[in-house]
Amino acid sequence: MLFFGLVQNMLDMTYFKNVVGLTLLMLLFTVISCKTGTFNANHSGAFRLEDGRLISIRKSEGRTLRYRVFHNGDTGRLYPRSSNGYSSGPGFNGKIPIVLEVTYMVGRSAKPDSIIWKEDSGHTIRGWRVNRDKEVIIRNGDIRLYGRLTIPDGNGPFPAVVLVHGSGNDKATDYYYNGDFYAAHGIAALTYDKRGTGSSNGTYTFDYYKLAGDVAAAVAYLGSRPEIEPSAIGLSGYSQGGWVAPLAASLCSDIQYVIVNYGIIESAIEEAEMETIHSLKAKGIRGQDLQEARELIRACIEVVAQGFNKGWEKVDQLKRKYRHAPWRDALKGTTVHTFLKYPRWLIKILGPRKAPPELDWYYTSAPLLDTLDTPMAWLLGESDMHAPPEKTIPKLQEYERRGKIISTMIFSNTDHSMLLFKQKEGQLREYTRYHPAYFRTEVDYALKLARQQKLLVR
């Protein structure tokens, strides 16, 4: 996910033929893309329907929301139709025909405490808000992290989990939903905007050690709160969090367990190579063609990993060698295609501006996991194209054979973010819903790992 389209987004603009034009267009796009409208934060949260279903509703793109159903992974985008009403169409992002209407019931409080859930069958049911969201501030030196602490109903102290972010720069306190499901099952959940994102200060970074330090600060903050049991705090890391969460556990002895969701052990440079190879396989590239493409892919990634300063001779040599290769067109939409399409001087100027800041492309979690004793669970999508797990899975299984407290759960036919999909060869994947066992598995592992550590779980 780090590499795919890394430079392509900056360079593939046919209306501009010079650096000035490209830069001006990027600035204009940034201004326009910021005007996405607002959404009503009071509509976010978890609701339990009268039939027992648990629903999380959090922000999606623009003014839309997304609902997620805990027991079966159903999901859809909610489009606003009034100040307190939304509707959803079929499929992952469908708008029409309407198959669901959600209306927020506003009473004395500005924050609606219930919803009316009306399905296309005509069945109408009420749902009541569960959990409590509190705004919090976490400090790590000069870094001020804005957070959302989701607390279960009832009296504490509660066990807790810190949600460790993926690589994106979205405002996590708006978008992250997993805490709703944790809290509904008795585990408080802390979500915060990474440094340099959302309402947090600092500079956006891919430096795993800085990010792990922020996680440790979040754990220390949780331990100071009266409603939290300080001896029962774990981590749940997502995507990039698969590197950051285990690292944080090695730095902070107060972290009792780690759950990794759709992350990998291997380095970012290996992830980038596997990701691009998987994109070619999806387009039908096989055999010798795939081996030739892999050679060029690796050379291009090495240039990126070395700050666009080294490795160009190898790239130029392979571009000449495979200038008529039939698989070249299959690279369209990837960063490697950018290397084929644009001159070196232009990529060297604009590439570093798009590259992940402060990323150690060669960092791997393997040496850390060799010695780390913290109990862990890894939840992986078998068909994950963005963080392919084919090398991670056998390594985890070997750790288990060696007696480490590591559990591995592999979800079949599942992509990144634990999404199921439909796909025909040569076409993009069409996402349908989350794997029906994922949400419950994540929560169950947190409860299980906490109990293994003989921690207080109410």
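The structure reproduced in this document is the subject of the present report. (Residues numbered from 1 in each chain as written. Predicted model: local features only at pLDDT ≥ 70, side-chain atom pairs only at ≥ 80, totals over all residues. Heavy atoms only, no water.)

Below, the discussion takes up the packing of helix α9 (residues 312–321) against helix α11 (residues 344–354). Relative to each other, α9 and α11 sit at 135°, their axes nearing to 12 Å. In this view, α9 runs oblique relative to α11, as classed from their interaxial angle. Read as a crossing pair, α9 and α11 show a hand that is right-handed. Between α9 and α11, the contacting residues are W312, E313 and D316 on the first element and R344, I347 and K348 on the second. (Axes fitted to C-alpha atoms, helices over the stretch in contact; angles between N-to-C directions. Helix = DSSP H or I, 4+ residues; strand = E, 2+ residues; numbered from the N terminus. Parallel < 35°, antiparallel > 145°, perpendicular 65-115°, else oblique. Left-handed = near helix turned anticlockwise from the far one by under 90°. Contact = heavy atoms within 4.5 Å.)

By the criterion of burial, strand β2 (residues 54–59) is predominantly enclosed, with six of the six residues buried. Strand direction decides the pairing type here: strand β1 (residues 45–49) and β2, joined by four bridges, are antiparallel. Across the sheet, the residue bridging to G45 is I57, located in β2. With antiparallel pairing between neighbouring strands as the criterion, β1 and β2 make up a hairpin whose turn holds four residues, including G52 at a positive phi of roughly 100°. Direction of pairing for β2 relative to strand β3 (residues 65–69): antiparallel, over a ladder of five bridges. The residue of β3 that forms the bridge with I55 is V69. (Buried < 20%, exposed > 50% of the residue type's maximum accessible area, 1.4 Å probe, protein only. Pairing = 2+ DSSP bridges.)

The strand order across the open sheet formed by three strands is β17-β18-β19, and the pairing between neighbours is antiparallel. The sheet is open, and its two borders are formed by β17 (414–415) and β19 (430–434), each paired with just one other strand. Bridging between β17 and strand β18 (residues 419–422) involves two bridges; their strand directions are antiparallel. Across the sheet, the residue bridging to T414 is L420, located in β18.

Among the nonpolar cores identified, the biggest contains 87 residues, and L235, F339 and W378 are the most heavily contacted of them. Residues contacting W378, with those up to four places away along its chain left out, are G242, V260, G263, I264, I265, L369, T392, L396, I406, S407, T408 and M409. The next biggest cluster of nonpolar side chains, apart from the first, holds 32 residues, and it includes F92, V130, F181 and Y257. (Core = buried A, V, L, I, M, F, W, Y, C linked by side-chain atoms within 4.5 Å.)

Before going further, it helps to spend a moment on helix α7 (residues 268–282). In a regular helix each residue adds 1.5 Å, so 15 residues correspond to 21 Å; α7 covers 21 Å between its end C-alpha atoms and thus fits that length. Within α7, 13 of the 15 residues are buried, which leaves the element mostly enclosed by the surrounding structure. Two residues or fewer past α7, G284 is found with a positive phi of approximately 90°. (Expected span 1.5 Å × (residues − 1).)

What follows concerns the packing of aromatic side chains. Enumeration according to the criterion identifies 20 aromatic pairs in this entry. Geometrically, the ring pair formed by Y86 and Y104 is edge-to-face, given 5.9 Å between the ring centres and 75° between the ring planes. Here Y86, found in strand β5 (residues 85–88), pairs with Y104, found in strand β6 (residues 100–105); they are 18 residues apart in sequence, far enough to count as distant. Look at Y104 and you get buried, because its relative accessible area is 3%. With a centroid separation of 6.3 Å and 85° between ring planes, the pair formed by Y209 and Y363 is classed as edge-to-face. Taken together, the residues span a long stretch of sequence, with Y209 in helix α5 (residues 208–223) and Y363 in the loop between α11 and α12 (366–371) at a distance of 154 residues. Taken together, the ring pairs in this structure connect F70, Y177, F181, F411, Y434, Y438 and F439 into an aromatic cluster. The positively charged end of R66 is found above the aromatic ring belonging to F92, 4.0 Å away from the centroid. Directly above the ring of F421 sits R429, whose terminal nitrogen or CZ lies 3.9 Å from the centroid. (Phe/Tyr/Trp six-rings, centres within 6.5 Å; stacked < 30°, edge-to-face > 60°. Lys NZ or Arg CZ within 6 Å of the ring centre and 35° of its normal.)

On to helix α13 (residues 392–401). Burial in α13 covers these residues: T392, I393, L396 and Y399. Take α13 and look down its axis: the buried residues cluster within an arc of 120°, on one side only. Buried positions along α13 lie against α12, β15 (376–381) and β16 (406–411). Once α13 ends, the next one or two residues include G403, with phi positive near 95°. (Arc of directions from axis to C-beta.)

Relative orientation of the contacting elements α7 and helix α8 (residues 287–305) amounts to 145°, with a least axis distance of 10 Å. α7 and α8 meet at a crossing whose hand is right-handed. On α8, the residues touching I269, E270, A272, E273, T276, I277, L280 and K281 of α7 are L290, A293, R294, I297, R298, I301, E302 and A305.

What follows covers the sheet that holds strand β12 (residues 188–192). Note on sheets: strands pair through backbone hydrogen bonds, and any given pair is parallel or antiparallel. The eight strands are arranged β9-β10-β12-β11-β13-β14-β15-β16 in an open sheet whose pairing can be described as mixed. Two strands lie at the open edges of the sheet, namely β9 (132–140) and β16, each paired on one side alone. With direction set aside, neighbouring strand axes in the sheet form an average angle of 20°. Taken together, the four bridges between strand β10 (residues 143–151) and β12 define a ladder with antiparallel strand orientation. For G147, the partnering residue across the bridge sits in β12 and is Y192. Each of β9, β10, β11 (158–164), β12, β13 (228–238) and β14 (255–261) is contacted by α5, which is oriented at about 125° to β9, the strand it contacts most.

Time to look at the side chain of S365. If you trace the backbone, S365 turns up in the loop between α11 and α12. Residue S365 is classed as buried on the basis of its relative accessible area of 0%.

The subject of this paragraph is the environment of K448. Inspection of the secondary structure assignment puts K448 in helix α14 (residues 438–452). Between the C-alpha atoms of K448 and A377, which are 71 residues apart in sequence, the distance is 10.0 Å.

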